[in-house]
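# A look at the structure
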Amino acid sequence: MSINSINYGASVLGQSVQYLNNQLTNLSTQLSTGVKSTNYAGMGVNEGFAIAARATLSNITAFGDTMTNVNTIISAANTALQSLSDIGGNIQSGASQTPQNLDDTGQTSAQESAASQLSAIIGILNTQVGDRYIFSGSAINTPAVASADSIMNGTGNLAGLKQVITERQQADLGTDGMGRLVLSQPSSTSVQVAEDTAGSPFGLKLNSVTSSLTGATVSGPSGSPAAISVDLGATNPNPGDQVSFTFNLPDGTTQTVSLTATDTSPPPAGSFTIGSTPADTASNLNSALNSSISTLANTSLVAASAIEAGDNFFNTDSIAIGGVASTATGPVSASTTLSGSGTNSLSSGFAAGDTITVNGSTIQFYNSSTTPPTTAGSAPNTTYVDLATATVSNLLGDIDKITGSSTPSTISGGVVTIHTDDASTLNITSSNPNALKALGFSTQPVTAIQPPLRVSGSPLGSATSLTSGASDTVQWYTGNSGPGSARASSSARIDTSETVDFGAQADEQAIRQQLQNIAVFAAFKTSPSDPNANAQINDLSQSIAANLTPPTGQQTIADMQTDFSNAQTEIQAATARQTQTQAMMQNLIASTEQVSTDQVASELLAVQNSLQASYQATSMLSQLSLVKYLPVGG
């Protein structure tokens, strides 16, 4: 009989020892690495969650880097804005001082300070964070603003602000220095003041007239060009009687010339002498009015002209300018109705069913007062306007809503001016071209003049229109000003489904308004020998001081800082959420992949003990021999 050998590796004991060895190896690896396995297969069924958690952690790291960069940019922007605000306050304080004393250069110390601060402002607006110009909108590789020298003095064949101010002043004063007004005596007892050209944006514009002159007939402004008439008739006024003329200035402000009848000769300032006859009195009134208007033109008008020239140069909004449209009583005003035959309605009005198309959107008219009445419809992308109540002002408001203009459209001196932030898109047509013409727009489509604006025509004192200076004038803002908000010009993703806007543009209203007024203040210069010089600079200084406080509803630097503060609040909230998520994901990964060293050490000790016992059993078995089981011979 033969005895087969025992295969140790295939035996139960051998397999047990091999299993224990593998266990010992795995536990030793876990103890040294701190993780369950060196490969995904050994991690267990929850490893898929851990892989997803790692992807989330990677995103959180990227979002964190982005938020750090955005916070750096916002902090730099806020610092720059605060510096601008401080400079504006200092210049405003200097401009507010009275009186403003001219030196031999034709400027005041406050103006000279403004000139030096202008370079600082431009340096601030060209601030870089890394390789990004933070006030250039989406054009982050381009400086936001041209140099101070280019802006003020021009470069090459491109005109600067000083030249634009000089040209505008000539156009506003006119060739005779009377502010583009024409004074005449249609009859021996009457005086008339008229604008020189209908629809011209230059010079003084007639606003209103009031009178307490005994026996006098006062009318206007009416006609085209607009005119005001004062007819004394057959009766002389009494001493103390007064007539007042209010004028619109180019910058949107008004000034009033009041003349009081007196029996003193020569009359004191602001008066006219009552003559022996109404004809003599009318002649005296005409002389006094001529002198007063000349003074107004060469003082307040000069200052207002410089302010408006600054707007022509700096304002990146585009405009479409209509001419004067005659109505039953005069040029178009804010209260002029869009239909009807009243004393203040369009000479050719709109009718129910007529439409105006603005940049592809429709304004449609209806009339609730007709028999039978018409009503508003409900077509998409359509604004409905009731002719029974709507005025020119209402219509311009509806147009502004469609264009999204940051500057409201205006009616001044019978001139309708439509503003838009994007010259390339403005396009207005109407199914009733005669009504559009009655608003002052003789041709359609109505399009915008590309800014900056320059006086058109020669001689400048006789010019009647503005033209685009895009090809011959310095473009002060050199960044991007495309459609959409300035904040949205730079955007960053700070979470899976959240972005934050942090863009800024130097042509935003708050910044542009401050830069514009400080530059005009620094650029304006007069002759110290001019008898009107002090009045000019005092009027200009008062306007600059007022303009450096934005009116209610207009963007301020504080508004911009609030926007950035809100963005930082969003970032802080996202950071807090992501910190919590990060902790959760790290815990998930740890529970899935990591091991407890105490537990592994305990298990390792148990396996070592089991393995030692197995080896002892194996050793004992290896010493077994058949001889030990054979009987002792006998």
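Look up: the structure comes first, before these words.
Let me sum up the structure you'll find in this document. (Residues numbered from 1 in each chain as written. Predicted model: local features only at pLDDT ≥ 70, side-chain atom pairs only at ≥ 80, totals over all residues. Heavy atoms only, no water.)

## Looking at the overall build of the protein chain
In terms of helices and strands, the protein chain carries 12 helices and 21 strands. Going through the 634 residues of the protein chain one by one, you find that 46% of them count as buried. Total accessible area computed for the protein chain in this model is approximately 29100 Å², and 50% of it derives from carbon and sulfur atoms. (Helix = DSSP H or I, 4+ residues; strand = E, 2+ residues; numbered from the N terminus. Buried < 20%, exposed > 50% of the residue type's maximum accessible area, 1.4 Å probe, protein only. Areas by Shrake-Rupley, 256 points an atom, 1.4 Å probe, with all protein chains shown as cover.)

## Section: the side chain of E308
Looking at where E308 falls in the secondary structure, it is placed in helix 6 (residues 278–314). Buried and unpaired, E308 has no salt bridge, with R168 as the nearest side chain of opposite charge at 4.5 Å. Discounting residues that sit within four places of it in the chain, E308 has contacts with R168, P250 and D251. (Lys, Arg positive; Asp, Glu negative; His and termini not counted. Salt bridge = Lys/Arg side-chain N within 4 Å of Asp/Glu carboxyl O. Contact = heavy atoms within 4.5 Å.)

## Let's talk about the nonpolar core
F135, F247 and L540 are the most contacted members of the largest nonpolar core, which has 101 residues in total. With 28 residues, the next largest nonpolar core counts L346, I363, I418 and L426 among its residues. (Core = buried A, V, L, I, M, F, W, Y, C linked by side-chain atoms within 4.5 Å.)

## Re the pairing of strand 4 (residues 190–195)
The two faces of a sheet get side chains in turn, since along a regular strand they alternate between them. Taken across its 6 residues, strand 4 has 5 buried, putting it largely inside the fold. Here strand 3 (residues 181–184) runs beside strand 4; their pairing, made up of 4 bridges, is antiparallel. Paired with V182 across the bridge in strand 4 is A194. The antiparallel pairing of strand 3 with strand 4 creates a hairpin that spans 5 residues between the two strands. (Pairing = 2+ DSSP bridges.)

## Quick look at the packing of helix 6 against helix 9 (residues 509–523)
Two elements in contact, helix 6 and helix 9, have axes separated by 9 Å at closest approach and are oriented at 130°. Judged by the angle between their axes, helix 6 and helix 9 are oblique. Where helix 6 crosses over helix 9, the two elements pack in a sense that is right-handed. Each of A306, I307, G310, D311 and F314 in helix 6 lies in contact with helix 9, whose residues at this interface are R512, L515, Q516, N517, A519 and V520. For the contact of helix 6 with helix 9, the residue count by class is 6 nonpolar, 3 polar and 2 charged. (Axes fitted to C-alpha atoms, helices over the stretch in contact; angles between N-to-C directions. Parallel < 35°, antiparallel > 145°, perpendicular 65-115°, else oblique. Left-handed = near helix turned anticlockwise from the far one by under 90°. Nonpolar A, V, L, I, M, F, W, Y, C, P; charged D, E, K, R; others polar.)

## Focus on unusual backbone geometry
Residue P266 is reached from S265 by a cis peptide bond, and omega for that bond is 0°. Residues Q444 and P445 are joined by a peptide bond in cis, for which omega reads 5°. By the element assignment, P445 lies in the loop between helix 8 (433–438) and strand 18 (453–456). In this model, R180 sits at a positive phi of 65°, which is unusual for a non-glycine residue. Locating R180 in the fold gives a position in the loop between helix 5 (161–173) and strand 3. Judged by relative accessible area, which is 4%, R180 ranks as buried. Phi at N359 is positive, roughly 50°, even though this residue is not glycine. Summarising the element assignment, N359 is placed in the loop between strand 12 (355–358) and strand 13 (361–366).

## Observations concerning the pattern of salt bridges
Inspection of every chain in the model, using the stated rule, returns 9 salt bridges. Close ionic contact of R454 with E167 constitutes a salt bridge, the shortest N to O distance being 3.0 Å. Placement of the pair is R454 in strand 18 and E167 in helix 5, with a sequence separation of 287 residues. Taken individually, R454 and E167 each receive the classification buried, so the pair is uniform in this respect. Bridged by salt links that share partners, the residues E167, R454 and D472 form one connected network.

## Things to note about the packing of helix 3 (residues 109–125) against helix 9
As a packed pair, helix 3 and helix 9 sit with axes 8 Å apart at the nearest point and diverge in direction by 145°. As for how helix 3 packs across helix 9, the hand of that crossing is left-handed. Listed contacts from helix 9 to A110, Q111, A114, A115, L118, I121 and L125 of helix 3 are I511, Q514, L515, I518, A519, F521 and A522. Classifying every residue of the contact of helix 3 with helix 9 gives 12 nonpolar, 2 polar and no charged.

## Quick word on the sheet that holds strand 8 (residues 242–248)
Spatially, 4 strands are ordered 5-8-9-10 in an open sheet, and the strand pairing comes out mixed. Both outer strands of the open sheet, strand 5 (205–211) and strand 10 (271–273), are each paired with one neighbouring strand and no more. Here the strands of the sheet are splayed against their neighbours by 20° on average, with no regard to which way each runs. Strand direction decides the pairing type here: strand 8 and strand 9 (residues 254–262), joined by 7 bridges, are antiparallel. Bridge assignment links S244 to a residue of strand 9, and that residue is S258.

## A look at helix 6
For helix 6, which comprises 37 residues, the first-to-last C-alpha distance of 50 Å matches the rise-based estimate of 54 Å (1.5 Å per residue) to within 8%. Maximal helix bending in helix 6 amounts to about 40°, located at L301. Of all 37 residues making up helix 6, 27 are buried, and the element is well covered by its neighbours. (Expected span 1.5 Å × (residues − 1). Bend = angle between axes of the 7 residues up to and from the residue.)

## Observations regarding the packing of aromatic side chains
Across all of its chains, the model carries 4 aromatic pairs by this definition. Geometrically, the ring pair formed by F350 and F365 is stacked, given 4.5 Å between the ring centres and 25° between the ring planes. One end of the pair, F350, is in the loop between strand 11 (318–324) and strand 12; the other, F365, is in strand 13, with 15 residues separating them in the sequence. The pair F350 / F365 is uniform in exposure class, with both members buried. Taken together, F313, F314, W476 and Y477 form an aromatic cluster joined through their ring pairs. Lying across the ring of F564, R487 places its NZ or CZ 5.1 Å from the centre. (Phe/Tyr/Trp six-rings, centres within 6.5 Å; stacked < 30°, edge-to-face > 60°. Lys NZ or Arg CZ within 6 Å of the ring centre and 35° of its normal.)

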